[in-house]
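Survey of secondary and tertiary structure
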Amino acid sequence: MSRAETDGAAGAAAARGAGTADATGTARGRPGPRPPWALGLLGLLGSELRTTFRRWRTLALLGVLAAVPILVGIAVRIETSDGSPAGGGGGQGPAFISQVTNNGLFLVFTALAATLPFFLPMAVGVVAGDAIAGEANAGTLRYLLVAPAGRTRLLLTKYAAVLAFCLAATLVVAVSALAVGALLFPLGDLTTISGTRIGLTEGMGRALLIALTVAASLIGVAALGLFVSTLTGSGIAAMAATVGLVITVQILDQIPQLHAVRTYFFSHYWMSFADLMREPVYWDDLVANLGLQVLYAAVFGSAAWARFTAKDIMA
C-alpha cells in the first residue's frame, strides 16, 4: 500500500472515531450534549438558592430582621401597660404604631415601616454586593464560568437569588410581626386610614399585599448592589459601597432643595405601601414606585451585564 493510501485510511479511521465520539457525546473526553438553556438556568438557580440560604451570614440577617418586630411589639406592650398611647400620642415612631394596641395586625405594617428605610435595604445590599465580588474574592468565580453556565446565565441566576432573598426577608419580618402581634395584642376587624372598617380576613390579605409591595420596592437596590458587585473583587468593599449608596440616597431624598430630582431616587416612594390601607386604595404612588424599581433594574442590570461580560476574570 502506498503512503497516500495509508494516509487516506488513517484519515477515514479518524473521521469514524470522531463520529463515534460525537454520537456518544463523551468519548475522548468531549462533553456530552448540554441541557436546554432554560433547564440549565433552573438547575443553576436551585443550586444558587441553596448556597445563599445556607450561609450563616444570610441566616444571621434573617434572624436580625425577625427580631425587629419582636422588639417593637415588646416595647409597645411595655409602653402601653399603664394605659398611655403608643408612640407617646404625638405621632412619634413608625407609621401605624399608635394602632398596634387596638389590633395586633397593625404590628405587621409598623414592622415593615420600621425596617424598610434601613434594615431591609441593608440586608439586601449585603447579599447583592457579595453576589459576584464574593465569588471573585473566594476564588470560585472562574470555576463557575468554566462550567457550562455562561456569564449571562450566571448573572441572571445571581440576580434572581437576590430577588428571592428580598421576598424571603420581607416575609420573615411580616410573619414575625404577625406572630408577635397575635400573642401580645387582640386581633379582629381593623380601621383603615380612610376610617372604614374591614374584616380580619381582608386585613390579612392587605397585609400580604403590603409585604409583596415592600419586597418589590427592593428591586432597585438589588440591581444596584449587583452592579457594584461586578466592579470589584472584594465582597466586603461591594457590600459597604452598596449600603453606603442606599444611606446616601435616602439622605438626599430628605433635602427639600432637591425636589426636582427626588422623585427619581429609588427610595422616594417606599412608604407608598401605606396607600393600600386606604379605602379606596390610592394607586398613583404605588404604580410610580413599581415603575421606578423596574427602571432601576433595567438600567443597573444592563450596566452589570455590560461590565460582567467584558470583565477579565482573574479569580
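Placed above this text is the structure.
First, a word on scope: everything that follows refers to the structure included in this document. (Residues numbered from 1 in each chain as written. Predicted model: local features only at pLDDT ≥ 70, side-chain atom pairs only at ≥ 80, totals over all residues. Heavy atoms only, no water.)

1. Re the packing of helix H5 (residues 119-138) against helix H9 (residues 219-229)
- Running from amino to carboxyl end, H5 crosses H9 at an angle of 35°, the nearest separation of the two axes being 7 Å. Handedness of the H5/H9 crossing: right-handed. Residues Pro121, Val124, Gly125, Ala128, Gly129, Asp130, Ala131, Ile132 and Ala133 of H5 form the contact with H9, whose own contacting residues are Val221, Ala222, Gly225, Leu226 and Ser229.
- In terms of residue class, the contact of H5 with H9 is made up of nine nonpolar, four polar and one charged. (Axes fitted to C-alpha atoms, helices over the stretch in contact; angles between N-to-C directions. Helix = DSSP H or I, 4+ residues; strand = E, 2+ residues; numbered from the N terminus. Left-handed = near helix turned anticlockwise from the far one by under 90°. Contact = heavy atoms within 4.5 Å. Nonpolar A, V, L, I, M, F, W, Y, C, P; charged D, E, K, R; others polar.)

2. What to know about the environment of Val172
- Tracing the backbone through its elements, the reader meets Val172 in helix H7 (residues 151-184).
- Val172 sits 105 residues away from Ala67 along the chain, and the two C-alpha atoms are 9.6 Å apart.
- Here Val172 is in contact with Leu62 and Ala66, once residues within four sequence places are set aside.

3. Some details on helix H3 (residues 56-79)
- The terminal C-alpha atoms of H3, which comprises 24 residues, lie 34 Å apart, in line with the 34 Å expected from a rise of 1.5 Å per residue.
- Looking at H3, one finds that the buried residues are Thr58, Leu61, Leu62, Leu65, Val68, Pro69, Val72, Gly73 and Val76. (Expected span 1.5 Å × (residues − 1). Buried < 20%, exposed > 50% of the residue type's maximum accessible area, 1.4 Å probe, protein only.)

4. Notes on the nonpolar core
- Ranked by internal contacts, the top residues of the largest apolar core, which has 75 residues, are Val108, Phe109, Val124, Phe165, Ile210 and Phe266.
- For this core, the leading source of residues is H7, giving 11 residues. (Core = buried A, V, L, I, M, F, W, Y, C linked by side-chain atoms within 4.5 Å.)

5. Some words on the pattern of salt bridges
- According to the stated counting rule, one finds nine salt bridges in the structure shown.
- Put simply, Arg55 and Asp130 hold a salt bridge, and the shortest N to O gap is 3.9 Å. Placement of the pair is Arg55 in the loop between helix H2 (37-54) and H3 and Asp130 in helix H5, with a sequence separation of 75 residues.
- One salt bridge in this structure joins Asp130 and Arg57, with 2.6 Å as the shortest N-O distance. Here the residue Asp130 occupies a position in helix H5, and Arg57 occupies one in helix H3, the gap between them amounting to 73 residues.
- Taking relative accessible area as the criterion, Arg57 reaches 32% and is therefore assigned partly exposed. (Salt bridge = Lys/Arg side-chain N within 4 Å of Asp/Glu carboxyl O.)

6. Describing a nonpolar patch on the surface
- Taken together, the side chains of Leu167, Leu171, Val175, Leu208, Leu209, Leu212, Trp283 and Val287 present a nonpolar region at the surface, about 720 Å² in accessible area.
- Those elements that provide at least two residues to the nonpolar patch are H7 and helix H8 (200-216).
- With respect to the element layout, Leu209 can be found in helix H8. (Patch = residues over 30% accessible without salt bridge, like charges linked within 9 Å, V, L, I, M, F, W, Y side chains within 5 Å. Areas by Shrake-Rupley, 256 points an atom, 1.4 Å probe, with all protein chains shown as cover.)

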